[in-house]
Amino acid sequence: MHAYRTHTCGQLRAADVGQTVRLSGWVNRRRDHGGLIFIDLRDHYGITQCVIEPDCAAFSTVDAARSEWVLTLTGKVVARTPDTVNRDLPSGEIELRIETAAVQGQAQELPMPVFGDHDYPEETRLTYRFLDLRRERLHDNIMLRANIVTSLRRRMIEQGFTEFQTPILTASSPEGARDFLVPSRRYPGQFYALPQAPQQFKQLIMVAGFDRYFQIAPCFRDEDGRADRSPGEFYQLDLEMSFVTQDDVFAAVEPVLAGVFEEFARGKTVTKPPFIRIPFAEAMLKYGTDKPDLRNPIEIVDVSDVFARDDVEFKAFKKKTVRAIPAPGAASQPRSFFDKLNEWARGEGAPGLGYVTFEDEGGNLVGKGPIAKFIPAAAQAELVKASGIQAGDALFFAADKTERAASLAGMARTRLGRELGLIRDDEYKFCWIVDFPMYEWNEDEQKIDFSHNPFSMPQFDRDAFLALDKGDRDTILGLKAWQYDIVCNGYELSSGAIRNHDPDVMLKAFEIAGYAREETEEKFKGMLNAFRYGAPPHGGTAPGIDRIVMLLAGEENLREVTMFPMTQSAQDLLMNAPAPANPKQLKELHLRVVYPEK
RNA sequence: GGGGGCGUAGCUCAGUUGGUUAGAGUGUCGGCCUGUCACGCCGAAGGUCGCGGGUUCGAGCCCCGUCGCUCCCGCCA
């Protein structure tokens with residue numbers, strides 16, 4: 001007989017009755033009836049009830065065992081009597097009658113019980129992650145993650161992509177997030193950087209002629225965390241293809257994502273390809289964000305013109321961008337509902353959130369509420385027409401400079417959707433956001449910045465682009481890029497582009513963003529050089545693995561789908577990182593620590 | 001870097017207007033219990049009320065500071 005087990009704890013059934021078997025696992029639960037002890041033995045595969053009576057030689061061993069001790073139990077599989085069958089347990093028709101018992105590992109009093117589905121503070125869960133990972137919810141989430149990754153790999157390989165590894169120790173990149181730096185021992189004062197993404201490598205792989213690349217790639221960015229953004233590191237399904245247009249990339253990615261979501265959606269509906277494409281500008285108008293949750297039926301409309309009318313006397317909205325957010329059925333909400341939203345808007349830095357409710361009076365929709373009296377019937381009729389609202393609905397207004405009005409309207413849309421219960425939670429709704437602006441105006445530094453990915457190809461004639469100069473500011477800020485995001489249920493799942501593979505256009509693109517040609521040459525030497533020896537047109541994208549798993553697991557926090565996450569403040573409480581380096585290490589690396597003052 | 005929430009027994013939490021000895025559940029330990037599966041019953045131990053300072057006759061509670069976790073803003077090509 002095997003030293004530890006003949007079966008797993010999830011394996012034994014009525015058909016195994018009579019066999020002598022050996023199980024190993026953790027004590028999930030111990031029930032002591034004095035003369036009779038039940039042990040629920042748990043391993044990765046399941047739970048089997050084991051029972052022992054006092055006349056057995058192993059009794060004292062089992063009697064001493066406590067929760068989470070690791071035991072090896074040997075004995076006969078017996079059928080439970082009909083009245084003691086446990087229907088909730090796959091192994092519930094049988095139990096193991098313990099004959100011998102061995103303790104493989106004891107457990108101290110637990111800082112966090114494994115049994116049960118109670119919530120525990122993040123700090124405890126992270127410090128004792130190995131215990132948390134034993135618990136059903138996290139254990140299942142991590143297995144789901146593994147299965148999703150396997151499925152993604154299979155789907156990519158089936159589409160003719162090849163997985164390549166790229167370096168972890170590489171060069172720092174300008175633009176983008178803060179880098180993690182790794183000091184060089186051999187070159188005093190010089191540093192490697194961890195890749196923010198394998199961006200340049202995958203483009204070099206295309207130049208090298210490999211045609212279709214993918215990788216489950218670790219990415220490192222030294223930025224602060226959020227619920228949907230791990231601090232420090234995360235994983236992407238990084239992919240790149242040669243000789244493709246935007247449509248080709250979409251056609252390659254859609255079946256992979258739709259497929260993997262179908263596979264793991266557990267009954268929820270998934271958008272069928274092709275996913276709809278929403279231009280960035282339209283998304284900002286209709287949804288007030290570039291990552292709209294399309295499960296929310298509310299669509300924002302611009303009503304600046306209505307409030308600009310001479311017969312509308314509401315001064316607060318004059319000469320501003322005014323966006324209207326229809327709130328279906330909200331007219332019947334109590335006054336407190338509107339007050340709460342107004343208070344929330346103030347908290348977001350807005351002057352407030354005006355509203356008009358609409359009711360049917362003799363076949364006409366009539367506006368009610370604090371600001372309705374400033375809007376004459378003709379203007380109200382225009383609001384109704386523009387927003388498509390009906391009797392019993394309300395219309396909220398966000399008024400400000402265009403960008404702020406759009407953003408506030410977007411947040412109000414999300415909030416209203418949630419509070420009015422308009423968002424179905426049994427759907428995964430995908431869309432592409434396309435036609436991102438290439439550049440944006442940096443108000444603080446009074447300069448032009450890359451809006452998103454500096455490696456994207458501008459949607460503009462090559463010669464005309466090369467001829468742009470400072471005087472063409474409006475043209476430059478109006479430029480679109482071959483740049484696209486995939487959004488699902490309000491989460492940005494993926495960002496990608498058709499790349500700029502033309503060294504002249506690339507130098508020009510960086511020059512517009514304020515980088516001297518020499519600087520760009522220096523920073524991107526490897527890639528620019530490669531582009532001068534025959535570069536194919538190419539493009540790709542990189543769906544975030546962690547967010548995909550989070551969505552499919554129905555979680556709202558990445559730590560629930562990450563095996564060993566850091567805290568929001570980027571500490572690893574289990575391994576105790578970061579930690580001071582010892583003097584010998586520092587000396588070898590030619591480093592001296594200068595602590596911040598105060 | 002900034003704002004909000006939280007921090008009381010191993011764990012989850014309650015704790016009144018600032019007032020006697022800070023409670024409950026769970027876990028732990030001891031006793032009883034042969035069919036439980038959140039087993040049950042009896043009993044016990046267990047507290048730097050995150051930390052430091054202040055106000056007060058008196059602080060878990062009020063004030064100031066600080067630390068940690070978390071959510072958000074900034075940041076995230």
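These numbers come from a predicted model, not from an experiment.

Describing the overall build of chain A
When its secondary structure is counted, chain A shows 18 helices and 24 strands. Oriented by its inertia axes, the alpha-carbon framework of chain A measures out at about 95 × 75 × 55 Å. Per-residue burial over chain A gives 48% buried out of 598 residues. Long-range pairs, those at least 24 residues apart, make up 66% of the contacts in chain A between residues at least 6 apart in sequence. Accessible surface, chain A as shown: approximately 30,300 Å² in total, 50% of it carbon and sulfur. One finds the centroid of the 72 positive side-chain charges in chain A at a distance of 2 Å from the centroid of its 88 negative side-chain charges.

Description of the sheet that holds strand 9 (residues 212–221)
Backbone-to-backbone hydrogen bonds pair the strands of a sheet. The strands run either parallel or antiparallel. A sheet is described by the order of its strands in space; here eight strands give the open sequence 6-9-10-24-23-22-19-12, paired in mixed fashion. Of all the strands in the sheet, the pair left with one neighbour each is strand 6 (162–163) and strand 12 (276–279). Inspection of the sheet shows strand 10 (residues 232–242) paired to strand 24 (residues 538–541) by four bridges, in the antiparallel sense. Paired with Ser242 across the bridge in strand 24 is His538.

A closer look at the protein's contact with RNA strand B
Looking at RNA strand B, there are 49 residues lining it, with Arg29, Asp32, Pro121, His452 and Asn557 nearest. A share of 51% is what sugar and phosphate atoms reach among the atoms of RNA strand B within 4 Å of the protein. Within the backbone of Asp32, an N or O atom sits 2.2 Å from a base nitrogen of RNA strand B. Here a sugar or linking oxygen of RNA strand B and a side-chain polar atom of His118 are 3.3 Å apart.

Some words on the nonpolar core
Core analysis: the largest hydrophobic core is formed by 44 residues, its most contacted members being Ile148, Phe261, Tyr428 and Phe430. For this core, the secondary-structure elements that each account for two or more residues are helix 4 (136–158), strand 9, strand 10, helix 6 (246–264), strand 19 (430–434), strand 22 (483–488), strand 23 (491–498) and helix 17 (545–553). The dominant element in this core, judged by the number of residues it contributes, is helix 6, at 10 residues. Beyond its immediate chain neighbours, meaning those up to four positions away, Phe430 contacts Leu257, Phe261, Val270, Thr271, Phe275, Ile276, Leu294, Ile486, Val487, Cys488 and Leu493. In this structure, Ile476, Phe510, Tyr515 and Met527 belong to the second largest nonpolar core, which totals 26 residues.

Side note on the packing of aromatic side chains
In the structure shown here, the tally under the stated rule is 25 aromatic pairs. Summarising the aromatic geometry, the rings of Phe261 and Phe430 are spaced 4.8 Å apart at their centres and angled 90 degrees between planes, so their arrangement reads as edge-to-face. On the criterion of sequence distance, the pair formed by Phe261 in helix 6 and Phe430 in strand 19 is long-range, its members being 169 residues apart. Here Phe430 falls in the buried class, since its relative accessible area comes to 2%. Ring geometry for Phe314 against Phe374: centres 5.4 Å apart, planes inclined by 40 degrees, an arrangement best described as tilted. Remark: Phe374 occurs in the loop between strand 16 (364–368) and helix 10 (377–387) and Phe314 occurs in the loop between helix 8 (304–308) and strand 14 (321–327); sequence separation between them is 60 residues. On the basis of relative accessible area, Phe314 is assigned to the buried category, the value being 15%. Taken together, the ring pairs in this structure connect Tyr439, Phe450, Phe455, Phe510, Tyr515 and Phe524 into an aromatic cluster.

What to know about helix 17
The element helix 17 is extensively covered by neighbouring structure, given that nine of its nine residues are classed as buried. Directly after helix 17, the chain includes Gly554, whose backbone phi takes a positive value near 70 degrees.

Quick notes on a nonpolar patch on the surface
A grouping of Leu181, Phe191 and Leu591 is seen on the molecular surface, where their side chains present a nonpolar patch of about 260 Å² in accessible area. Looking at where Leu181 falls in the secondary structure, it is placed in strand 7 (residues 181–183).

Quick notes on the packing of helix 4 against helix 6
Closest axis-to-axis distance for the helix 4/helix 6 pair is 10 Å, and the angle between their directions is 145 degrees. The way helix 4 lies across helix 6 gives a crossing that is right-handed. Residues Leu144, Asn147, Ile148, Ser151, Leu152, Arg154, Arg155 and Met156 of helix 4 form the contact with helix 6, whose own contacting residues are Pro255, Val256, Gly259, Val260, Glu263 and Phe264. Split by residue class, the contact of helix 4 with helix 6 holds eight nonpolar, three polar and three charged.

Description of helix 14 (residues 503–512)
Most of helix 14 sits out of view: eight of its 10 residues are buried. By the burial criterion, the buried members of helix 14 are Pro503, Val505, Met506, Leu507, Lys508, Ala509, Phe510 and Ile512. Along its buried surface, helix 14 packs onto strand 20 (439–442), strand 21 (447–450), helix 12 (462–466), helix 13 (473–478), helix 15 (517–523) and helix 16 (525–531). Where helix 14 starts, the residue carrying a side-chain oxygen 2.9 Å from the main-chain nitrogen of Asp504 turns out to be Asp502.

Here's the deal with the layout of surface pockets
Empty space within the second largest pocket amounts to approximately 1,000 Å³. Taken together, 33 residues form the lining of the second largest pocket, with Asp293, Arg418, Asn489, Gly490 and Tyr491 sitting closest to its centre. Of the residues forming the lining of the second largest pocket, the biggest block, six residues, is contributed by helix 11 (residues 402–419). For the lining of the second largest pocket, the residue count by class is nine nonpolar, seven polar and 17 charged.

Some points on the pairing of strand 17 (residues 394–400)
Of all seven residues making up strand 17, seven are buried, and the element is well covered by its neighbours. Of the two faces of strand 17, the one carrying Ala394, Phe396, Ala398 and Asp400 and the one carrying Leu395, Phe397 and Ala399 are both buried. As judged from the seven bridges shared by strand 14 and strand 17, these two strands associate in the antiparallel manner. Paired with Ile325 across the two strands is Phe396, which belongs to strand 17. Sheet analysis places strand 15 (residues 354–361) next to strand 17, joined by four bridges and oriented antiparallel. From the neighbouring strand, Thr357 faces strand 17, where its bridge partner is Ala394.

Parameters at a glance
- Chains are numbered independently. Their residues run from 1 in the order of the written sequence.
- Naming scheme: in the order in which they are written, chains are lettered from A and ligands are numbered from 1.
- Where totals are concerned, whole chains, interfaces and linings use all residues; where local detail is concerned, this predicted model gives features only for residues with pLDDT of at least 70, and gives and counts side-chain atom pairs only at 80 or more.
- The basis for every side-chain value is the complete set of non-hydrogen atoms in the structure, without hydrogens or water.
- A helix here means a DSSP run of H or I that spans at least four residues, while a strand means a run of E at least two residues long, and both kinds are numbered starting from the N terminus.
- The buried label applies to any residue whose accessible area, calculated with a 1.4 Å probe on protein chains only, is under 20% of its type's maximum; exposed applies above 50%, and partly exposed to all values in between.
- Here a residue-residue contact requires only that any non-hydrogen atoms of the pair lie within 4.5 Å.
- For the accessible areas, the method is Shrake-Rupley and the probe is 1.4 Å, while residue cover comes only from the protein chains on display.
- A residue counts as positive if it is Lys or Arg and as negative if it is Asp or Glu; His and the chain ends are not included.
- Each charge is placed at NZ for Lys, CZ for Arg, CG for Asp and CD for Glu.
- In this description, strands pair whenever DSSP reports at least two bridges between them.
- Any residue with at least one heavy atom within 4 Å of a molecule or strand is counted as near it.
- Polar contacts, as used here, are pairs of N or O atoms within 3.5 Å; protein pairs need one atom able to donate a hydrogen and one able to accept it. Residues neighboring in sequence count only if both atoms are side-chain atoms.
- Take the buried residues of types Ala, Val, Leu, Ile, Met, Phe, Trp, Tyr and Cys, join any two whose side-chain atoms come within 4.5 Å, and each joined set is a nonpolar core.
- Under the pairing criterion, centres of Phe, Tyr and Trp rings, with the six-membered ring standing for Trp, must be within 6.5 Å; the plane angle then separates stacked pairs below 30 degrees from edge-to-face pairs above 60, leaving the rest tilted.
- Any residue with relative accessible area above 30% and no salt bridge may belong to a patch, with like charges joined within 9 Å and the nonpolar Val, Leu, Ile, Met, Phe, Trp and Tyr side chains within 5 Å.
- Criterion for a salt bridge: a side-chain nitrogen of Lys or Arg within 4 Å of a carboxyl oxygen of Asp or Glu.
- Geometry is summarised by axes, namely lines fitted to C-alpha atoms with helices restricted to the contacting stretch, and by angles between N-to-C directions that run from 0 to 180 degrees.
- Whether a crossing is left-handed or right-handed is set by the direction in which the near helix is turned from the far one by less than a right angle, anticlockwise for left-handed and clockwise for right-handed.
- Residues are grouped as follows: Ala, Val, Leu, Ile, Met, Phe, Trp, Tyr, Cys and Pro are nonpolar; Asp, Glu, Lys and Arg are charged; all remaining types, including Gly, are polar.
- In this analysis the probe radius is 1.4 Å and the grid spacing 1 Å, with only protein atoms considered; a cavity is a set of points the probe fits into but cannot get out of, a pocket is an open set with protein on both sides within 12 Å along at least five of seven lines, and lining residues have an atom within 4 Å of a point.
- Grid points are joined across faces, edges and corners, and a volume is the space filled by probe spheres set on the points.

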